[in-house]
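# Chains, contacts and geometry: an overview
The primary structure of each chain is shown beneath.
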Amino acid sequence: MSDRPALVAVVRQPLPARPDAVFDEWTDAARLAEWMCPRPARCLNVQADPRTGGRLRFDIEEAGRTFQVSGTYLTLDRPHRVAFTWTCSTWPDPAIQSIVTVTIEPDGDDASIMTIEHELLPPALVQQHAHGWKIISAQLASRLRLAGQSGQEPRVSPMNPAL
């Protein structure tokens, strides 16, 4: 048994959508721009090339400061799993690469359970990222809930300045 603190941020979130719809939210740049940044931060630009080895990038504005998060898709197993590397320009060592794994399990006919595991984080940033993923997961749940109430696919807002 190790005395080292866990270097993994884990968030589980029930979602009111089928796994294929949740998977699509994680692989489409315009959709990611709608919910991926924990508010009040906002995505200014999102790039996603959803294929193994494809790049992922978020330009984020928060409290008047702009920074970048980038990575590479490692796994795309539709509709169950997405994994990608993650590094942030504000980290003490921005060359560190962590790994985000999103697992999507069906929960009945029209719902899912999403688990986000963010591992290999710098120890001082685990709690911050756990909090951020919790906010982001709730934002995604809200987006999918609104789409379900309207009976339509989640839309991309033309008013979103991120696009």
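First, a word on scope: everything that follows refers to the structure included in this document. (Residues numbered from 1 in each chain as written. Predicted model: local features only at pLDDT ≥ 70, side-chain atom pairs only at ≥ 80, totals over all residues. Heavy atoms only, no water.)

This paragraph deals with the overall build of the chain. Looking only at helices and strands, one finds three helices and seven strands in the chain. The secondary structure elements of the chain, listed N-terminal to C-terminal, are β-α-α-β-β-β-β-β-β-α. Relative to its 163 residues, the chain shows a buried fraction of 45%. Here the contacts in the chain between residues at least 6 apart in sequence split such that 48% fall between residues at least 24 apart. Counting only carbon and sulfur atoms, one obtains 52% of the accessible surface of the chain, whose full area is about 8700 Å². (Helix = DSSP H or I, 4+ residues; strand = E, 2+ residues; numbered from the N terminus. Buried < 20%, exposed > 50% of the residue type's maximum accessible area, 1.4 Å probe, protein only. Contact = heavy atoms within 4.5 Å. Areas by Shrake-Rupley, 256 points an atom, 1.4 Å probe, with all protein chains shown as cover.)

Pairing within the open sheet is antiparallel, and its seven strands lie in the order β1-β7-β6-β5-β4-β3-β2. Looking at the sheet topology across the chains shown, the edges are occupied by β1 (8–15) and β2 (42–48). When strand polarity is set aside, the average angle formed by the axes of neighbouring strands in this sheet is 20°. Contacting β1, β2, β4 (65–77), β5 (81–88), β6 (98–106) and β7 (112–119), helix α1 (residues 19–27) crosses the sheet at an angle of about 155° to β6. (Pairing = 2+ DSSP bridges. Axes fitted to C-alpha atoms, helices over the stretch in contact; angles between N-to-C directions.)

The next subject is the state of the cysteines. If you walk through the whole model with that rule in mind, you get one disulfide. A disulfide bridge connects Cys 37 with Cys 43, and the sulfur atoms are separated by 2.3 Å. Judged by the sign of its S-S torsion, about 95°, the bond between Cys 37 and Cys 43 is right-handed. With a relative accessible area of 5%, Cys 37 lands in the buried category. (Disulfide = S-S within 2.5 Å.)

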